[in-house]
Amino acid sequence: MTPEFETVIGLEVHAELSTASKIFCSCATGFGAEPNTQVCPVCMGLPGGMPVLNRAAVEKAVRAGLALGCEVQTYSAFDRKNYFYPDLPKGYQITQQERPLCLGGSLMIETAGGEKRIGIARIHIEEDAAKLVYGGGKVLVDYNRCGVPLAEIVTEPDIRGAEEAAAFLKKLRSVLRASGAAECRMSEGGMRCDVNISVRRRGEQFGERVELKNLSSFRSVARAIEYEAKRLIAAAERGEAAARETRRFDESTGRTFAMRRKESGGDYRYFPEPNLPPLVLTEEEIERIRASLPELPDARKRRYVSELGLAPFDAEQIASENAVADWFERAAALTPHRRRLAALTLTELFRLLPSDPESVPLPPERAARITDMAEAGEISAAVAKRLIERCFAEDVSPDEVVRAEGLGVIRDEEELERILREALREEPKLLTDYRRGKSAARGAMLGRVMRRTGGRADPQAASAALDRILNEE
Amino acid sequence: MNITDLSAARLSALLRRGEVSALEAADAYLCEIERREPRLRAFITVTAERAREQAREIDRRRASGEALGPLAGVPMALKDNICTEGIRTTCASRLLRDFVPPFSAGVAERLERAGAVLLGKTNMDEFAMGSTTQTSFFGGTENPAAPGCVPGGSSGGSAAAVAAHEAAFALGSDTGGSIRQPAAFCGVVGLKPTYGTVTRYGAAELASSLDQIGPLTRTVLDCAMVTNVLTGHDPRDATSLVREYPDFTSDVSRGVKGMRIALVREFFGSPFAEEVQRSVRRAAEMFRSLGAETEEVSAPILTRALPAYYIISTAEASGNLARYDGVRYGRRAENASDPDELMRLSRAEGFGTEVKRRILLGTFVLDGENRERYFEKAMKVRTLVVRAFREIFSRFDLVLAPTTPTVPYRIEERDADPETRYLSDICAVPASLAGLPALSMPFGRDGAGRPAAVQLIAPAFGEREIFRAAYALEREEGDV
């Protein structure tokens, strides 16, 4: 990025709150149901349909607010945001414009330059719109999503680039999941993001800001920001003023383009929602929710570093998923070798888990046992990996697998020498290459031993055996 | 005995004693509807077969000794902005002319549980916008109490049906006088209950912070009886209050001795017609003769209620009517090339002039800087109106006022400029802005025999006091 310019970014993140029913009616919120089967007169905007606030959605949003260090408001209120769009059955969205539920929080992110605080301006709750499905020259509307509770989390303009934005979203997702506020299933649109971006010459005023709408993956957010920042800087360098506009990111081309004015809306003519009384919470209710919050990722991370001796990066990764962190703590209690357990968790276990793990099928005691065997040199790294895969997939003990399949490490240099000679007989070229001074051939020869032993060869013993062969002639 | 001439209370007593069957009652009313409808047009939809079926079912249950609700077998009508499952609910609009709701409004359910028999859905101004019942897509209603005149509105169909004995009682909705003004014009009793006491669930909204459903009846006692059924908490309406309600009929006859009744000075003089002012003064005199105290008070802010009302009600209406876009239900414009055009054309073709005018007004007062200039200022006036009433009710039990500035006028005069028409709500809107209960009752007639009326306003939950005073006036007037 041109060092002369700075990119200033604020995010508006919409997270679906994890409630069983919608925010203003009792329809189910489950994802993937047949279109228009989770609807009623209220969320379909029939005449006389009236909103009734689902207190569970409030509780979830308060959890999010507390987890992000916000000031939860004892008095907040709902407004109508008026605009016409086919996905909006009432012609307005019920949201909180003037009096949001939460104000002023923050989130710490890890950046290349160390920890950074990103301010949270506000969190308010609102209803989701329906889903439009285009196809065959038709526009179809699925109202199942209409009325699903959303928390809109608005950051301060503290973010300075695509990388920070991605780090923030990742961390936010982990905090929302850990606090029990939201599942944030990306594939289901459980977390969506609008980006407000502007560029300025360092030390100067903010430029006009551009809004990038409805990005549904971390990758899209990062790509859209990178593209848009370049575009805005190029414009600024040409001396053009950026227009204040709303743009859409096209995933296939990786470019942004301006939306029609109609789509981006103008004045929303907000006014207080007359059908909903103000949302009043008592301090006791808020404290009760605070007391029920589980330990959050940052606290876990700090504890893993100080108590378990993990490296900060490893600790952050493990603490970011509640299910993994819970599992890790149980396994860590069974082995003194926490750093190796962490390494195995990050390199081997994470690969096997889905993106939103609810639980870890590998029993913690088996993970601890594999860790101990690896630490003691009884099995090689490759075998440790295989054992984790086996014990993850089926109900077998690592010791049994090692015994039944003869996976113990081979330290016997004579045996390794025999295996090496066999390999060199089949590929004499390796040896001639080595003699001609190709040093890479040595590594290739060790690789053959590993392959022939199924990764069980002790690297040091194999190296010594190879040296004996090479020194012979 | 002519069944349709009986009050709902009297008919209900005869039904209970088995002297009249529910089917007889339904048939009598359906017969009257058939006779008078061609000219009156008080109904948009008559549900004759359903009514007979419902009546037969009530007769069967009574015969088998089952417990029945307080209105069992009493034939009634609902304004056509109150959703009824399986029965089209049009809001008198072209846009909803074929709309059949899949659910019933809370008040419709309450009446059904009470055993009331639904005769049909009554005419109204389109989407309850108007005071003449002439903006209906289905054609205007005539005033049965003043032939050739408008019945008032927007609940003009309900008022006319009750006045013409086409229904024992009817429900209307009142945003800024839409029950009281047609009740006054048709010579019947109409109550706008305290905001939050009657569920609005399932009633098409005009201005949510002002709308209340209420009864139109021929007598004060009927009004109290129906109010008993309508009031009560509905968890589906977040503005519905959790509250215990008394039996409103129990002390209607207690009299007004010792009651303190205020007359608001600003509701006399221009633009109030001579005969209207005379009715109010005569009612005040009658109250005094019955042992109440009356006193004139001044509350100048009430004259500002009208513009504030039109700003707030049109603002809310502009939002509430946004849902009628032809996408999910209602009349859909043909030949639209994309969803935007579909919505635009459906609304352009579906709404009448008055509805468009108010949506534009409401959109205007919320747009950009206008919001502060109009909407927020109106909200401040609203607060002042609330305060003015609080001040009055710290010293008085009731306010006695005109319901409308004039007696019913001829249908040809309906197209006066909108400002003049809006003025007809001037006495009705203060109670609406403050969410207070207010009742209009017939009181005398003008020289041409057209009904005159008075309005009684009470503090919140003061329906009992209203009924007591109204009942006393009604009885005294009947004795004259």
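Residues numbered from 1 in each chain as written. Chains lettered and ligands numbered in written order. Predicted model: local features only at pLDDT ≥ 70, side-chain atom pairs only at ≥ 80, totals over all residues. Heavy atoms only, no water.

## What to know about the pairing of strand β12 (residues 210-215) of chain A
Successive side chains on a regular strand alternate, one facing one side of the sheet and the next facing the other. All names here are of chain A. The pairing of strand β11 (residues 191-201) with β12 spans four bridges and is antiparallel. Following the sheet pairing, N196 is matched in β12 by E211. As defined by bridge partners, β12 adjoins strand β13 (residues 245-250) across four bridges and the pair is classed as parallel. Bridging from a neighbouring strand, K213 pairs with R248 of β13. (Pairing = 2+ DSSP bridges. Helix = DSSP H or I, 4+ residues; strand = E, 2+ residues; numbered from the N terminus.)

## Remarks on the packing of helix α13 (residues 413-426) of chain A against helix α15 (residues 440-452) of chain A
Residue and element names in this part refer to chain A. Interhelical geometry of α13 versus α15 gives an angle of 110 degrees and a closest axis separation of 9 Å. As the angle between them shows, α13 and α15 are arranged roughly perpendicular. Read as a crossing pair, α13 and α15 show a hand that is right-handed. On α15, the residues that touch L416, I419, L420, E422, A423, L424 and E426 of α13 are M445, R448, V449 and R452. Here the residues of the contact of α13 with α15 sort into seven nonpolar, no polar and four charged. (Axes fitted to C-alpha atoms, helices over the stretch in contact; angles between N-to-C directions. Parallel < 35°, antiparallel > 145°, perpendicular 65-115°, else oblique. Left-handed = near helix turned anticlockwise from the far one by under 90°. Contact = heavy atoms within 4.5 Å. Nonpolar A, V, L, I, M, F, W, Y, C, P; charged D, E, K, R; others polar.)

## Quick word on the nonpolar core
Formed by 68 residues in total, the largest nonpolar core has its most connected members in L11, F168 and V195 of chain A. Excluding residues that lie within four positions of it along the chain, V195 of chain A makes contacts with I9, G10, L11, V210, E211, L212, L215, V221 and I225 of chain A. Judged by nonpolar contacts, the second largest core, of 57 residues, contains V20, A51, A183 and L216 of chain B. (Core = buried A, V, L, I, M, F, W, Y, C linked by side-chain atoms within 4.5 Å. Buried < 20%, exposed > 50% of the residue type's maximum accessible area, 1.4 Å probe, protein only.)

## Thoughts on the sheet that holds strand β1 (residues 5-16) of chain A
All names here are of chain A. Spatially, nine strands are ordered β2-β6-β7-β10-β1-β11-β12-β13-β14 in an open sheet, and the strand pairing comes out mixed. For this open sheet the edge positions go to β2 (71-72) and β14 (255-258), each flanked by a neighbour on one side alone. Sheet analysis places strand β7 (residues 114-127) next to strand β10 (residues 149-155), joined by seven bridges and oriented antiparallel. Within β10, the residue paired with E127 across the bridge is P149. Packed onto the sheet, helix α1 (residues 55-67) meets β2, β6 (102-111), β7 and β10 and runs at close to 165 degrees relative to β7.

## Digging into the environment of V189 of chain B
Residue and element names in this part refer to chain B. Here V189 shows up in strand β5 (residues 189-192). Between the C-alpha atoms of V189 and D247, which are 58 residues apart in sequence, the distance is 18 Å. Sequence-distant contacts of V189, that is, excluding residues within four places in its chain, are made with A183, P215, L216, T217, R218, T219, V220, C223, L439, S440, M441 and P442.

## Some remarks on the domain arrangement of chain A
Residue and element names in this part refer to chain A. Each domain of chain A was delimited in the assignment, giving domain 1 (5-269), domain 2 (297-405) and domain 3 (413-472). Taking only C-alpha atoms into account, the centre of domain 2 sits 32 Å from that of domain 3. Buried surface at the junction of domain 2 and domain 3, summed over both partners, amounts to about 250 Å²; 50% is from carbon and sulfur atoms. Area buried by domain 2 at its contact with domain 3 is led by S380, V383 and R386, which between them contribute 71% of it. The tally of links between domain 2 and domain 3 comes to zero salt bridges. For the interface between domain 2 and domain 3, the tally reads one residue pair in polar contact (both at pLDDT 80 or more). (Domains from an automatic or database assignment. Buried area = accessible area lost by both parts, 1.4 Å probe. Salt bridge = Lys/Arg side-chain N within 4 Å of Asp/Glu carboxyl O. Polar contact = N/O pair within 3.5 Å; in protein donor to acceptor, adjacent residues only side chain to side chain.)

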